[in-house]
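Each chain, written out:
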Amino acid sequence: MTGAATSMKGPFGRRSKRVERTPTSAMKGSMSVGFEPVRLLELELADLRLRSFGRVEDARRCRSARVLVRLHGTPLGVLDTDWHGSETAPEALAERARRKFGAAIDAHVMDDCLAPTSPGSEAPAGSLGAPRCVRERLEFSARAPFASIVIGTRERPDGLAATLDTVLALEYPRFEIIVVDNAATTDRTRTLLELRYADVPNLSYVREPLPGLAVAHNRGLTKARGEIVAFTDDDVVVDSLWLLELARAFEFADDVACVTGLILPMELETPAQLWLEDSIRHNKGYTPKLFDLGSNRPAHKLFPYAAGTFGSGANMAFRTGALRALGGFDPATGTGSRARGGDDLAGFFSVLAAGHTLAYQPAAIIRHAYRRDAEGLRTLMFDYGAGLGAFLTKIVVDRPGLLPDIAWRVPFGAAHALRLRSSGRDGSADGLAAGLAARERFGMLAGPVGYLIERRQRRALYAAREQRNPDGRQRE
């Protein structure tokens, strides 16, 4: 994706030289002038259905739009275009999409037309005359395994309600939802579920007193009854095909133990959100991928330590048995711990290190609510760095023999991070990006210390718990 407003010098608009020397002030100042929100749309080419995201009440404020283009539900890519409100018809957007994604569209149509379902297979009801990709979804849905969805939350009932509403609309035959209320200080989450979702039979609530997203995920894992267990957050909305596409990806290859999916923004209505989307690259592309230590090993020098290239914890699923065999998530990592993150990265690495395969499935789509303000972005960048530092520290502590292998890659990793963070997508230098990159690097220094402290304290806590309850069945 490219920057949405071509008239800007960078994602935060025009700035004076004086302000550029102070990133925080620059970001705050640019939020009041020179910025226009970006309209987020989704276009299905098969029927020209157009869907809008975000909360911009006055569309006239937007002069650009970012359109996710799909064909039969499959995402093809993102189209950045001018936005003219109601004057921008789906037909016009579709024509622009065909010009940009013509090769991908032709390949998809050819695959649908020339590769029928296997001879002798019975077509599911409603599939006659449907494209091949749609028939395959229907066929898989008829045999899809029972799945568990774990949502960790803490004091955000409004965001959780939005997430649950989309989860309950999933096109998936059999699943359960486990809401883990993590280190809650009030009953707001429980009250929401009792008042709004009391009649949902496949929804359960569990309270986890120890803080930390990894702890919450582990608690959900102990309750999961599904063959696969998917994890998402309380500040996302999921696509109706999200769980189905995650589950289908476990059949991409033998021994797929983990699947990640596509993460898109829920809105791009502040400078901080636009910078995050264009610089951090939560979006891992529109082509399915496989990763392992064998034939699907990429040539990237940082593999498999650059675990963030595989996906993110807001959109991931595991074979339940495999994740349990790996010990779940490290409770000394994750949001809410001193490590500030890294739980998902460590989980992905563990899957690969154990000899399993990890799959990336872009058709499994969620939209994530990005931080709206400058201070939230600064905190997030620190957390990203701390989580990465904690993850690498965990590897060294658990597998000291890998230290030499990691050490020689450090210069490549530093250069890679600097290249990503210090320039916009058009390659132009950005003082704000440099300031946020510094915040991230500071987090990388703090993360290892936070992880080691957290690890020691967690072990002492669990040891004390086992002494009090030696026959207890729960251990996060």
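Structure shown above.
A brief look at the structure comes next.

Procedures and definitions
- Residues numbered from 1 in each chain as written.
- Predicted model: local features only at pLDDT ≥ 70, side-chain atom pairs only at ≥ 80, totals over all residues.
- Heavy atoms only, no water.
- Pairing = 2+ DSSP bridges.
- Helix = DSSP H or I, 4+ residues; strand = E, 2+ residues; numbered from the N terminus.
- Axes fitted to C-alpha atoms, helices over the stretch in contact; angles between N-to-C directions.
- Contact = heavy atoms within 4.5 Å.
- Buried < 20%, exposed > 50% of the residue type's maximum accessible area, 1.4 Å probe, protein only.
- Right-handed = clockwise from strand over helix to strand, strands pointing away.

1. Let's talk about the sheet that holds strand β4 (residues 74–82)
Right, so step 1: Within the open sheet, the four strands sit side by side as β2-β1-β3-β4. Their pairing is mixed. Since the sheet does not close on itself, it has two edges, and those belong to β2 (49–53) and β4, each with one partner. For this sheet, the mean inter-axis angle between neighbouring strands, taken without regard to orientation, is 25°.
Right, so step 2: When strand β3 (residues 64–71) meets β4, the two strands line up antiparallel, connected through eight bridges. For V67, the partnering residue across the bridge sits in β4 and is L79.
Right, so step 3: Contacting β1 (38–44), β2, β3 and β4, helix α3 (residues 90–100) runs over the sheet at an angle of about 110° to β4.

2. Quick look at the pairing of strand β5 (residues 147–153)
Right, so step 1: A large share of β5 lies buried, amounting to seven of its seven residues.
Right, so step 2: Of the two faces of β5, both are covered, the one formed by A147, I149, I151 and T153 as well as the one formed by S148, V150 and G152.
Right, so step 3: One ladder, built from seven bridges, connects β5 with strand β6 (residues 175–182); its direction is parallel. Along β6, the bridge assignment pairs G152 with V180.
Right, so step 4: As for the winding sense of the linkage, the β-α-β connection from β5 through helix α6 (residues 157–167) to β6 is right-handed.
Right, so step 5: For β5 and strand β8 (residues 228–232), the ladder comprises five bridges, and the chain directions are parallel.

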